[in-house]
Amino acid sequence: LLMWAKTRGSSEVKAIAPFNAMPLVLITRNPAIQRVEDIGPNDRIALPGVGVSSQSIMLRMVAARLFGDANYQKYDALEVNRGHPDAMAALLSNTEIDCHFTTAPYLQRELAVPGVHAILSSTDVYGGPGTIGVTFATKKFRDANPKLMAAFVAATEDAMAVIRNDHRAAADAYMAVSGDNAKREEVEAVIADPTTTFEIVPRGTMKVAAFMYKTGAIKVMPENWQTLFVPELHDRAGS
């Protein structure tokens, strides 16, 4: 959304295809925090990309809902920029970071530790599944390479079908590429989690766009979700 808004009229970045609607979950080891409203000035929330990541935007959306639009940045000062592996290590090492806006597979590993619990999911924010990751390209590249773009979209859709229908093959592929030393059963369980959707249909993008436009993060509101994506996806039942 940020790149789309900033490149309109120039390179014109367009989203190509989502590759999952995987929940982002805010967890904590602080027993005093049972809901987002319990987060206080001494707590620290690790997430990737203060003010710009999906997690940070979602916290702003929740703050606006709980405390009014004028207070949407209520939690910004508590955010700490950490990649997920470092954030998990910090959370479990009793550092000043006592909250982590995490995702699989770190989510499952953290929740397995006694005392760690979830207080918010992106599903709550979206009101259902929400797109997290997308591939993207410039409009110029797409227009100059229509066959390549069609092949890429088709290949992505095929990959999503494999992940949905053959969890073992998907786990093997993930482990081979990532070098993750997790047990295959653990990886398969993450892939099979019913709260995660592997598809190339955009979910919830306009809800996030509307919030970002209202708060000034983007200066123009997209007309619809198709405005953000390449034409190869326009016939999908997205949102």
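Residues numbered from 1 in each chain as written. Predicted model: local features only at pLDDT ≥ 70, side-chain atom pairs only at ≥ 80, totals over all residues. Heavy atoms only, no water.

1. Things to note about the overall build of the protein chain
When helices and strands are counted, the protein chain shows 10 helices and seven strands. Relative to the compact-globule value of 18 Å for 239 residues, the protein chain shows a C-alpha radius of gyration of 19 Å, a close match. When the backbone C-alpha atoms are referred to their principal axes, the protein chain occupies close to 55 × 45 × 25 Å. Taken over 239 residues, the protein chain has a buried fraction of 46%. The contacts in the protein chain between residues at least 6 apart in sequence include a share of 73% that link residues at least 24 apart. Only carbon and sulfur atoms are counted for the fraction: they give 55% of the accessible area of the protein chain, which is about 11,800 Å². Of the side-chain charges in the protein chain, 24 are positive and 26 negative, and the distance between the mean point of each set is 6 Å. (Helix = DSSP H or I, 4+ residues; strand = E, 2+ residues; numbered from the N terminus. Rg over C-alpha atoms; globule rule 2.2 N^0.38 Å. Buried < 20%, exposed > 50% of the residue type's maximum accessible area, 1.4 Å probe, protein only. Contact = heavy atoms within 4.5 Å. Areas by Shrake-Rupley, 256 points an atom, 1.4 Å probe, with all protein chains shown as cover. Lys, Arg positive; Asp, Glu negative; His and termini not counted. Charge placed at Lys NZ, Arg CZ, Asp CG, Glu CD.)

2. Some words on the packing of helix H8 (residues 167-178) against helix H9 (residues 184-192)
Closest axis-to-axis distance for the H8/H9 pair is 9 Å, and the angle between their directions is 115°. Considering only the axes of H8 and H9, their crossing is right-handed. Two secondary-structure elements touch here, H8 through His 167, Arg 168, Ala 170, Ala 171, Asp 172, Tyr 174 and Met 175 and H9 through Arg 184, Val 187, Glu 188, Ile 191 and Ala 192. A class-by-class count of the residues in the contact of H8 with H9 yields seven nonpolar, one polar and four charged. (Axes fitted to C-alpha atoms, helices over the stretch in contact; angles between N-to-C directions. Left-handed = near helix turned anticlockwise from the far one by under 90°. Nonpolar A, V, L, I, M, F, W, Y, C, P; charged D, E, K, R; others polar.)

3. What about H9?
Among the residues of H9, those classed as buried are Val 187, Val 190 and Ile 191. The buried residues of H9 occupy an angular sector of 100° when projected down its axis, which confines them to one face. Tucked into the core, H9 has its buried residues touching helix H4 (106-111), helix H7 (146-165) and H8. (Arc of directions from axis to C-beta.)

4. Section: the nonpolar core
Among the nonpolar cores identified, the biggest contains 53 residues, and Leu 26, Ile 39, Ile 45, Phe 101 and Leu 120 are the most heavily contacted of them. Looking at which element gives the most residues to this core, the answer is helix H2 (residues 54-67), with seven residues. (Core = buried A, V, L, I, M, F, W, Y, C linked by side-chain atoms within 4.5 Å.)

5. So, the pairing of strand S5 (residues 99-102)
Taking every second residue as pointing to the same face, both faces of S5 are buried, with Cys 99 and Phe 101 on one and His 100 and Thr 102 on the other. Relative to S5, strand S2 (residues 25-28) runs antiparallel, the two sharing four bridges. The residue of S5 that forms the bridge with Ile 27 is His 100. Examined bridge by bridge, strand S3 (residues 45-47) and S5 share two bridges and lie parallel to one another. (Pairing = 2+ DSSP bridges.)

6. Details of the sheet that holds S5
Taking strand neighbours across the sheet as the criterion, the five strands line up as S4-S3-S5-S2-S6 in an open arrangement whose pairing is mixed. Pairing within the sheet leaves two strands with one partner each, and these edge strands are strand S4 (79-81) and strand S6 (117-121). The mean angle between the axes of side-by-side strands here comes to 30°, regardless of whether they run parallel or antiparallel. As paired elements, S2 and S6 share four bridges and run antiparallel to each other. Bridging across to S6, Val 25 finds its partner in Ser 121.

7. Some points on the packing of aromatic side chains
Tallying each qualifying case throughout the model produces three aromatic pairs. A ring pair is formed by Phe 67 and Tyr 75, whose centres lie 6.3 Å apart and whose planes are at 65°; its orientation type is edge-to-face. Of the residues examined, Phe 67 reaches a relative accessible area of 31% and is grouped as partly exposed. Look at Tyr 75 and you get buried, because its relative accessible area is 1%. Here the basic side chain of Lys 74 rests over the ring of Phe 67, its NZ or CZ set 4.7 Å away from the ring centre. (Phe/Tyr/Trp six-rings, centres within 6.5 Å; stacked < 30°, edge-to-face > 60°. Lys NZ or Arg CZ within 6 Å of the ring centre and 35° of its normal.)

8. Some details on the side chain of Thr 28
When you line up the elements, Thr 28 lands in strand S2. Here Asp 98 takes part through its backbone oxygen, which lies 2.7 Å from a polar atom of the side chain of Thr 28. (Polar contact = N/O pair within 3.5 Å; in protein donor to acceptor, adjacent residues only side chain to side chain.)

Everything listed here is a matter of coordinates, which is why it stays silent on function.
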